[in-house]
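# Overview (structure and organization)
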Amino acid sequence: MQITRPSRSGRSTPFWRDERYLALLGQAVFLAILVLLLGYLARNMLANMRQQGLGLGFDFLKLTSGFDIGEHLIPYDRSSTFQQALLVGLLNTALVSILGIFFATLLGLIFGVARLSTNFLVQLLARGYIEFLRNIPLLVLLIFLYTAVFIKFPRVREAVMLPGPVMLTNRGIAIPWAIPTEAFSIFARFLGIGLLLALLVYLALKIYERRAGRPARALLWACLIFIMITVAGWLLAPAQPLALDPPRVEGLRLAGGRQMSPEFMALLVGLAIYTSAFIADVVRAGIQSVSRGQVEASRSLGLNTLKTLRLIVLPQALRVIIPPLTSQYLNLIKNSSLAVVIGYPELFHVSGTILNQSGRAVEMIAVVMAIYLSISLLTSAFMNWYNRRVRLVER
Amino acid sequence: MAEEIAAPRQILPPPAERYTWLGWIQKNLFSTWYNSLLTFITLGLAYALLKPFLTWLLEQANWEVVEVNFRLLMVGQYPPDEIWRIWLLLYLLAAVVGLSWGVWVRGRLALALGLLLAPLLLALLPIATPSARLNLVAMDLVAVAASRMGRLGGPSLRRFAAWSWVIYLVLVILVVRGFALTPEVMPRVPTNLWGGLLLTCLLTVVGIVFSFPLGILLALGRRSSLPAIRAVSVVYIEVIRGVPLVTILFMAAVMVPFFLPSGITIDRVLRAMVGITLFSAAYLAENVRGGLQAVPHGQFEAASALGLSGFKTMTRIILPQALRIVIPVLMGQFIALFKDTTLVVTIGLLELLGIARAVLAQPQYVSYQREVYLFVAAIFWVISYLMSYISQRLESVLGVGER
């Protein structure tokens, strides 16, 4: 609140009562105190570290790690470096976060809409789900899922077979997976061509749509073309490009298919259902924020229920939904660090191990915080971009 | 009715919908074919989920582990001779809640009876000792007496009720900790003996009490016209909000000893409290900022037109309005804080979840995970739900969003 008073003679205010000088002085004092405080802490830290014979620097990241990581998406063993271990952790975090966001959004959408259902029982079920999950700590849920559900499945020999076949065991869950054969490279080319063509058609139709002012169903045509070329590639390839690999029991272990450890499953399921309860509330609030008059007006214009939802309600609800949805996604990513308690090797867990192995506490904490911070900033930058795009619809 | 029809000026409310119970079922469950389908699917789903759970709960669950370790789960290793302090705090809580009820809520008899019934039900549990039963019943009496007093009304009582919460929260910390000066009455209880639900509540209370003023300062800093202060606030808030709480707790546990001059140590519980406070303050700051932005600019102008100083404008005019607007969000934040205290298990503190894990680590209780974790989840659920319910009530009582 700067208030500039008309001064009578121009120089009547002495500088020690001039708000401009005072503001500058105040800030300078504030900054000086802050710098002194930080300097004091840093000096203590350096002195303590020197006492323990620790240096400051990131060279140790190039040393051999010497520990194993159970699950890795890139090649890794105990002779790899700390840097590679960190990358393995980061990729695991990314995997569980992306899958978690996908399933949480899906479940959240379903339960958010169900919460507004006219069917009493559906509404009751959705409300029970949301209220239950919102009021318990995520960590309790994760530990419960891990220790009381996923590692309580029967042993490998007595694996529960679900149709698919999906196998539930205390060593993890195995689902059928496709493995590429030698004909896959030809099929991959078809995929590439299909994608390119679909993109071109989509862009061309979009331009046509804008010029002609008539809806051209660009997305529909693009998808159709892509699917047609994919099917053609599958049929034209010399052999089947992908072979189905069902899981099976070999001796005492699982073999084949795609196996997911109990730690991973507990973390994924826990994150997905916990966040979905919050997303459901976000979705409900978004839909409720669209005034009833909008629905009534669109019905009276002759739009059917689906079109009303797609063209009238959702675009307006999305504007309300996107910002809180962003923070829920960010929460999910940050919450994935709780895996440290159940032992899934994501970023935080791996850095803890590195910290113990190398003894470099200060550097490791700085690295982890920097990585999480950049993930958060990138995600919110992306969602802000998307938010602006959605908001362009506004009048 | 006839008179009302005769007076055409009066606008009648729309008639209330009335159904026979069969009609209600028809309207709410089987109105269209897909609604009927949904009803059946939901019934099937509920059956598939609830049946195994209920059979387990009624037939297989063995609650002995909770009974034996009940005291441990509640207060950890807090010395038995000093448990009376916890009871004292519970009595005071009953008094404060009763007073607030009398001042602000009144009426709502069903709800009041429900709240009063809760301690009585606890007293009926088979594990309660006779003295615990007596205490629980007496707590109800205190609450009723306090609410009677609250009914007397008056603005000074209102202010007293609001302040009593602040005083109570500070008192909780002091009484649990004890005083070094009076070893006969309330000796210091070292923090490594704090545990269980007691530690969970303490971490929450400390988090609320200290992060609230810090959060307000940060929010004001972020809206300040002085660039240096604004920049520092923005950087602090964004950095803290961008990293998970576990990293902050970890930093508090591992790095704080580094930052202090050699020779000085602070214990683990205090470090965790510092971490939680610093973390929570950043989130609170953003919530408060939302409230500050919602206060119309005319309020500032009116205040300065009346000749109020900048400080007075903030404390007397702007902040009371801003905080009132964000009460629901703040309560949500406090609930999140309460749930987040479980994360201190990552740095080895034995709050409710940590104690539960410690109990399950004993060889004779290894296979009781379901019972123990369900019990822990139930406690968290009940308290969080109560807090969110109270916040909704508070919203309607204070008329948030109506002005």
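Quantities reported herein were computed from a predicted structural model and do not represent experimental measurements.

### Comments concerning the overall build of chain A
A tally of regular secondary structure across chain A gives 12 helices and 8 strands. For 395 residues, the compact-globule formula gives about 21 Å, and the C-alpha radius of gyration of chain A, at 28 Å, lies well above that figure. With the C-alpha coordinates of chain A rotated into their principal frame, the extents come out at 90 × 70 × 50 Å. When burial is assessed residue by residue, chain A has 28% of its 395 residues classed as buried. Partitioning the contacts of chain A with sequence separation of at least 6, the portion at a separation of at least 24 is 66%.

### Brief notes about the overall build of chain B
Each helix and strand counted, chain B has 19 helices and 0 strands in total. A total of 403 residues make up chain B; the buried ones form 30% of that total. Looking at chain B alone, contacts between residues at least 24 apart form 75% of all its contacts between residues at least 6 apart.

### So, the sheet that holds strand S3 (residues 172-175) of chain A
Residues and elements named next belong to chain A. Spatial ordering of the open sheet is given by S1-S2-S3-S8, a layout of 4 strands whose pairing is antiparallel. The open sheet terminates on both sides in strands that have one partner only, identified here as strand S1 (160-162) and strand S8 (258-260). Ignoring strand direction, the axes of neighbouring strands in this sheet form an average angle of 20°.

### What about the environment of Arg299(A)?
Residue and element names in this part refer to chain A. Turning to its location among the elements, Arg299 is positioned in helix H8 (residues 292-300). Arg299 sits in the partly exposed class, given 14 other C-beta atoms within 10 Å. Sequence separation between Arg299 and Gly343 is 44 residues; the distance between their C-alpha atoms is 53 Å.

### Looking at the interface of chain A and chain B
Opposite the 46 residues of chain A that make contact, chain B presents 47 residues. Of all the secondary structure elements, the ones that give two or more residues to the side of chain A that touches chain B are helix H1 (19-51), helix H3 (120-134), helix H4 (138-149), helix H9 (305-335), helix H10 (339-342) and helix H12 (361-391) of chain A. The residue makeup of the side of chain A that touches chain B, split by class, is 32 nonpolar, 13 polar and 1 charged.

### Observations regarding the packing of helix H14 (residues 268-294) of chain B against helix H17 (residues 327-340) of chain B
All names here are of chain B. Here H14 crosses H17 at 170°, and the two axes come no closer than 10 Å. With respect to H17, the element H14 is oriented roughly antiparallel. The two elements H14 and H17 cross, and the hand of that crossing is right-handed. Seen from H14, the contacting residues are Ser280, Tyr283, Leu284, Asn287 and Gly290; seen from H17, they are Val329, Leu330, Gln333 and Leu337.

### Focus: H9(A)
Residue and element names in this part refer to chain A. Between its first and last C-alpha atoms H9 spans 38 Å; for 31 residues at 1.5 Å apiece the expected length is 45 Å, and the helix comes up short by more than 12%. Maximal helix bending in H9 amounts to about 45°, located at Val313; proline Pro315 follows within four positions. Where H9 is concerned, the buried positions are Ala317, Ile321, Leu325, Gln328, Tyr329, Leu330, Leu332, Ile333, Lys334 and Asn335.

### Let's talk about the pairing of S3(A)
Residues and elements named next belong to chain A. Sheet topology places strand S2 (residues 166-169) next to S3; 3 bridges connect them, and they run antiparallel. The partner of Leu168 across the bridge, within S3, is Ile173. The antiparallel pairing of S2 with S3 creates a hairpin that spans 2 residues between the two strands. As judged from the 3 bridges shared by S3 and S8, these two strands associate in the antiparallel manner. Considered in S8, the bridge of Ile175 is made with Arg258.

### Structural notes on the nonpolar core
Within the largest apolar cluster, 134 residues are counted, with the highest numbers of intra-cluster contacts made by Val140(A), Leu142(A), Leu267(A) and Leu249(B). Considering each element in turn, this core owes the most residues, 15 residues, to helix H7 (residues 262-289) of chain A. Ignoring any residue separated from it by four or fewer positions in sequence, one finds Leu142(A) in contact with Ala266(A), Leu267(A), Gly270(A), Leu338(A), Val341(A) and Ile342(A).

### Thoughts on the confidence of the model for chain B
Residues and elements named next belong to chain B. Mean pLDDT over chain B: 85, with 96% of residues reaching 70 or higher. Within chain B, the lowest mean pLDDT, 50, falls on helix H1 (residues 2-6), and the highest, 93, falls on helix H10 (residues 196-222). Reported for the predicted complex are a pTM of 0.86 and an ipTM of 0.87.

### Points about helix H6 (residues 83-105) of chain B
All names here are of chain B. With 23 residues, H6 should cover 33 Å at 1.5 Å per step; its first-to-last C-alpha distance of 32 Å lies within 8% of that length. Considered for burial, the residues of H6 that qualify are Ala94, Ala95, Val96, Val97, Gly98, Leu99, Ser100, Trp101, Gly102 and Val103. Among the structural elements, helix H7 (109-124), helix H8 (130-151) and helix H9 (155-177) are those in contact with the buried residues of H6.

### A look at the environment of Arg210(A)
Assignment of secondary structure puts Arg210(A) in helix H5 (residues 184-212). Each C-alpha atom, one on Arg210(A) and one on Ala361(A), is 57 Å from the other, the two residues being 151 residues apart in sequence.

### Considerations on the environment of Val166(A)
Residue and element names in this part refer to chain A. Mapped onto the elements of the fold, Val166 is located in strand S2. Residue Val166 is classed as partly exposed on the basis of its 16 C-beta neighbours within 10 Å. Placed 92 residues apart in sequence, Val166 and Arg258 show a C-alpha to C-alpha distance of 9.8 Å. What Val166 contacts, discounting residues up to four positions off in sequence, is Ile173 and Ile175.

Conventions adopted
Residues numbered from 1 in each chain as written. Chains lettered and ligands numbered in written order. Predicted model: local features only at pLDDT ≥ 70, side-chain atom pairs only at ≥ 80, totals over all residues. Helix = DSSP H or I, 4+ residues; strand = E, 2+ residues; numbered from the N terminus. Rg over C-alpha atoms; globule rule 2.2 N^0.38 Å. Buried ≥ 20, exposed ≤ 12 C-beta atoms within 10 Å, placed from the backbone. Contact = placed C-beta atoms within 7 Å. Pairing = 2+ DSSP bridges. Axes fitted to C-alpha atoms, helices over the stretch in contact; angles between N-to-C directions. Nonpolar A, V, L, I, M, F, W, Y, C, P; charged D, E, K, R; others polar. Parallel < 35°, antiparallel > 145°, perpendicular 65-115°, else oblique. Left-handed = near helix turned anticlockwise from the far one by under 90°. Expected span 1.5 Å × (residues − 1). Bend = angle between axes of the 7 residues up to and from the residue. Core = buried A, V, L, I, M, F, W, Y, C linked by C-beta atoms within 7 Å. pLDDT = per-residue confidence, 0-100.

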